[in-house]
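# Breakdown of the fold
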Amino acid sequence: MKTNTNFTRVEKKFQSLSGHSKMGTKMPYIAVDNFPRLGMFAALRFIEWVLENPQGVISLPTGKTPEHFIKWTQHIIHDWGSLEINNLCDEYGINKSKKPNLSHLKFVQIDEFYPISSQQQNSFAWYVKEFYIKGFGLNPENALLINAEQIPLVEGARFQEIFPDLKVDLSLRYREAKTAFEKKQQESILLIDNWCSEYEQKIRDLGGIGFFLGGIGPDGHIAFNTRGSDHYSTTRLTETNFETQAVAAGDLGGIEISRNRLVITIGLQTITFNPDAVAIIIAAGEAKADVVKNALERKASNEYPATVLHKLKNGRFYVTKSAASKLDDFIEAYFQDGEWSFEKTERAIIDLCVKNNIYGHHLKLRDLQEDRWCSMIPSLSESTVAEVIESVKRKIEKGREVLTNQNYYHTGPHHDDIMLGLFPHISHELRGVGNSFTFSVLTSGFTAVTNQFIRSILRDAKAFIQDGQIQMLKYADFFQTGHLLKRDKDVYHYLNKVASGEPIERTRGVSHRVVRDMVELYSIKSVNELIDKIDSILTILDNSYDGQKNPVDIQNLKGRIREFEEELVWAHFGVQVKNIKHLRLKFYTGDIFTEQPERSRDVIPILEELRRTKPTIVSLALDPEGSGPDTHYKVLQAIADAVRLWSDEADLSHLKIYGYRNVWYRFHPAEAEVIVPVSLNSLSSLDNAFTNCYLSQVDASFPSYMLDGRFSQLAQRIWIEQLKQIQLLLGKNYFYENDRPRLRGCHGLVFFKEMDVKTFLSQARELAKSVEGDVK
C-alpha cells in the first residue's frame, strides 16, 4: 500500500512528521507522538473537511477520547485570524482565506444508552448539546439526536412508565408476552425499532455521514457495534457485551446499571453508507495497541468491527505511537532502529518461546535464525538463549531478596493500587529487620464508591445509632474531640470480627468509622443532628440519578470510606493508621475532563511527605501512556515533580524508585528489573484481604474490561500468566526442582522496575512528552 494514497494536505504533513513511511496494513493509518497532538491532528483534518463541505453531515464521538479534538477545534474557530492560527494553517496547508462556518453542518448522534433522560449529564445527548452544538456553534435544528424522551412508546407513555426499572427485555421481540404489562413493553420495543429505522432513513436521506470521527473500544467496537456486529448492520436498539459494559460503568454509576442498560447505536453500514465518507478512528495509549493491530492488520470480519472501514477509500486510523506499538510496522522499527540493547534480545527470545509455545532450552540456533526478530540479534549464537535465561534468573534472585533497614514510602494513585501492584513483595518487606513503612494514597478515590453502597452504609449506621450500639456517642467529649481519637481501635475491632466470623459486628465496626468521619466532616454536635444529616444525605442520594456527580461533601464522605478500607489492608501486618497517609490531591474532581496537577496545590503536599519521612525506597504506579485511568499518569507526574524538587535540596543518590503496574497494564519481562515469586499463600491472602477490606469494591461495580470480577482476581490471573511466560523460558523444572523453598512454592510472578532518581525522572519526562507533548 502506498502511504500517501489520497491523503489530504493535513494528512500528508502529519504523515511526514511521523517518521514512519512504511505501511503494511489493510487500511491507512497515521501515528503521532502524543494524545494532545492526536486531538490537534483530528481537529485540523475536521476543519480542512468543513472548509470543503460547509453543509456536510458530521458524526462526532463522546467520552474522554475527543477531549483535545474538542479543545483544538474550539480554539481554532474562536481564534481564527490570529497569528497563531494563521501560522498553523500555513504549516498544515489549510486555506485560511475564509473562516470555517459550522452552523450549516448537519449533525448525527452516534449512539446513546437506553433508556436514559437526555437531561442527565451522563447521557450522550447532553454531551453532544454541551460540547458540539453549544461548543462548536452548530445549529440545533440541523441535529439528529437520540432523545429517549422523544421516542414514541405505546399509548404515548413515558419510558419510566413502560420500563420502570429501566430494563428492556429484548426477548419480547420474539416471544409471546405473558402479561398485559409485558404486552405494552413488547409493543413499545417494536415502536422503538420503528424509530431506529426512521432514524436510519433520515441519515440516508441526507446522503449518509460525510465525516465520521470515533473511538474504538476494548473489544474493538466503534459506536456501540460490539465484537461480532454485522458489517451490514443499521441503527438499532441492542444489547452490549461485558467489555463495553465495564467501560460504561463509570458513566452510569456501576456495572450493576450498565449490565442491564441497552443502547441505541448507528450501525456499521450506517457509517459506510456514503462511499466517499471520511471515517476516522482515533486511539491513544498502549492499552489500545491490540485492538488497533486487529483493526488494521486483520482481514475484514465481524469479529473486528472496525475492519468494516477497509472498504472506504477515506477510511483512516489516527493513533498515538504507543497505540500503534503492536503493529508489525512498529515492531520492526523497534528492533531495527537505534542501537541494539540486551532488552531487545530478551524480548525477542521470550516472545519466540511464547509464540511457538516452546521451552527456552529446546530452542535451537536454527529457530532463532528463522525468526523475524531473533535473527536481528547481533552475534547470534548457541549461547544467546542461555544468556537470556541467566539474566531472568538474576531478576528472580533480586525479587527474592528481603532488604533490611530500609524506609519505604509506597504510593498509590487510588486505594488498592499498591496492594494490586506489589502485595506479595511488600508482605516480605514488612518482615525485614529494621524496615519502616508509610503507605500514601494520593487521591480521594470517591468515584469508585457507588451511591447504592453509601446508602447501605448510612442506613446501617443509622440503625446502630438508634439501637444504642454506637456507644462512643455517649462520651461527653465525643462531639468535641473524642471522634478524632481511637481510629486504630476501629480498625482493630473490624479485623477482630473478620477473624471471629461475625459479619454484623464487622458492619458495626464500619459504622463506628463512618460516624467519626461524619462528625468531623460536618462539624456535628449531637446525636439528633447526626441522624438528621444521615437522612439528608440519603434524600440527596435517593433523588440522584445513577452516575450523577455527587456534591463535594458526599464525595468527601465516600473518600473517607475508601481511606478506612486502605487502613484495614495494611493493618493485617500491624501497620498503624498514622502510617497510612491520605493526601486527597485536589486535581481529582470526578469531572469528564479532569484538571492537571498544580505544583502549589498537588505537588507540595507530596514533597512535604518526602521531607518528613526521608524514604530510601519510593514505589509508584508506572503505567504507559493512556493505559489506565488518567489519574495514574497525573499522580506519577506529581510525584516526579516532588522528587525533582526534593533532589534540589537533598542528596538522593541512595534513593531507589520502584515502578509497578497492576490490573491496567503489564510489564514485558524484558522491561522489568525485578521478578518477585508469588506463593499460593500470597495469592490467597491477596483475595482474602481484598474481599474483607475493600468493601466498596467486592461487587466489582467498576471492573476492568478484562475480567468480570474483583480486581484481586484479575491480579491473581495476571501473576499466574506471568509465571507461565517465564516457565516457557526457564522450564517448569527450574521452579519445582529448585533448592530454594520460596521458588519451589512459586505459583505466580510480579514484575516491577527498579530505578535511580535520574532514570525515573528521565522516564517521567518521556512519558509526559507522550501524553502532553508540545503541540503548538
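To be clear, the structure that these remarks concern was listed above.
A brief structural summary. (Residues numbered from 1 in each chain as written. Predicted model: local features only at pLDDT ≥ 70, side-chain atom pairs only at ≥ 80, totals over all residues. Heavy atoms only, no water.)

## Concerning the packing of aromatic side chains
- Inspection of the entire model under this criterion finds 36 aromatic pairs.
- Ring plane angle 85° and centroid distance 6.2 Å describe the contact between Trp126 and Phe131, whose orientation is recorded as edge-to-face. Taken individually, Trp126 and Phe131 each receive the classification buried, so the pair is uniform in this respect.
- Aromatic pair Tyr127 and Tyr132: ring centres 6.1 Å apart, planes at 65°, arrangement edge-to-face.
- Residue Tyr127 is classed as buried on the basis of its relative accessible area, which comes to 4%.
- Members of the aromatic cluster, connected to one another through ring pairs, are Phe46, Trp49, Phe69, Phe107, Trp126, Tyr127, Phe131, Tyr132, Phe136 and Phe211.
- When the ring centre of Tyr334 is taken as origin, the NZ or CZ atom of Lys344, which lies over that ring, is 5.4 Å away.
- Residue placement shows Arg347 over the ring face of Tyr334; its charged tip is 5.3 Å from the ring centre. (Phe/Tyr/Trp six-rings, centres within 6.5 Å; stacked < 30°, edge-to-face > 60°. Buried < 20%, exposed > 50% of the residue type's maximum accessible area, 1.4 Å probe, protein only. Lys NZ or Arg CZ within 6 Å of the ring centre and 35° of its normal.)

## Points about the sheet that holds strand S10 (residues 315-320)
- Spatial ordering of the open sheet is given by S1-S10-S9-S6-S2-S3-S5, a layout of seven strands whose pairing is parallel. For this open sheet the edge positions go to strand S1 (29-32) and strand S5 (143-144), each flanked by a neighbour on one side alone.
- In this structure, strand S6 (residues 211-214) lies alongside strand S9 (residues 278-283), joined through four bridges in parallel fashion. Each residue of the ladder has a partner; that of Gly214, found in S9, is Ile281.
- Packed on one face of the sheet, helix H1 (residues 9-18) meets S1 and S10 and runs near 60° to S1.
- Sitting on the sheet, helix H11 (residues 289-297) is in contact with S1, S9 and S10, with an inclination near 155° to S10. (Pairing = 2+ DSSP bridges. Helix = DSSP H or I, 4+ residues; strand = E, 2+ residues; numbered from the N terminus. Contact = heavy atoms within 4.5 Å. Axes fitted to C-alpha atoms, helices over the stretch in contact; angles between N-to-C directions.)

## Side note on the sheet that holds strand S12 (residues 436-441)
- The strand order S13-S12-S11-S14-S15-S17-S16 describes an open sheet built from seven strands, whose pairing is mixed. The outermost strands of the open sheet, each flanked by one partner alone, are strand S13 (580-582) and strand S16 (674-679). When strand polarity is set aside, the average angle formed by the axes of neighbouring strands in this sheet is 25°.
- Where strand S14 (residues 617-621) meets strand S15 (residues 656-660), five bridges bridge the pair, whose relative direction is parallel. By the bridge assignment, Leu620 is partnered in S15 with Gly659.
- Against the sheet, helix H22 (residues 599-613) engages strand S11 (407-412), S12, S13 and S14, with an angle of about 160° to S11.
- Where helix H24 (residues 680-693) meets the sheet, it contacts S16 and strand S17 (746-755), and its direction lies at approximately 80° from that of S16.

Everything listed is a geometric property; what it means functionally is a separate question.
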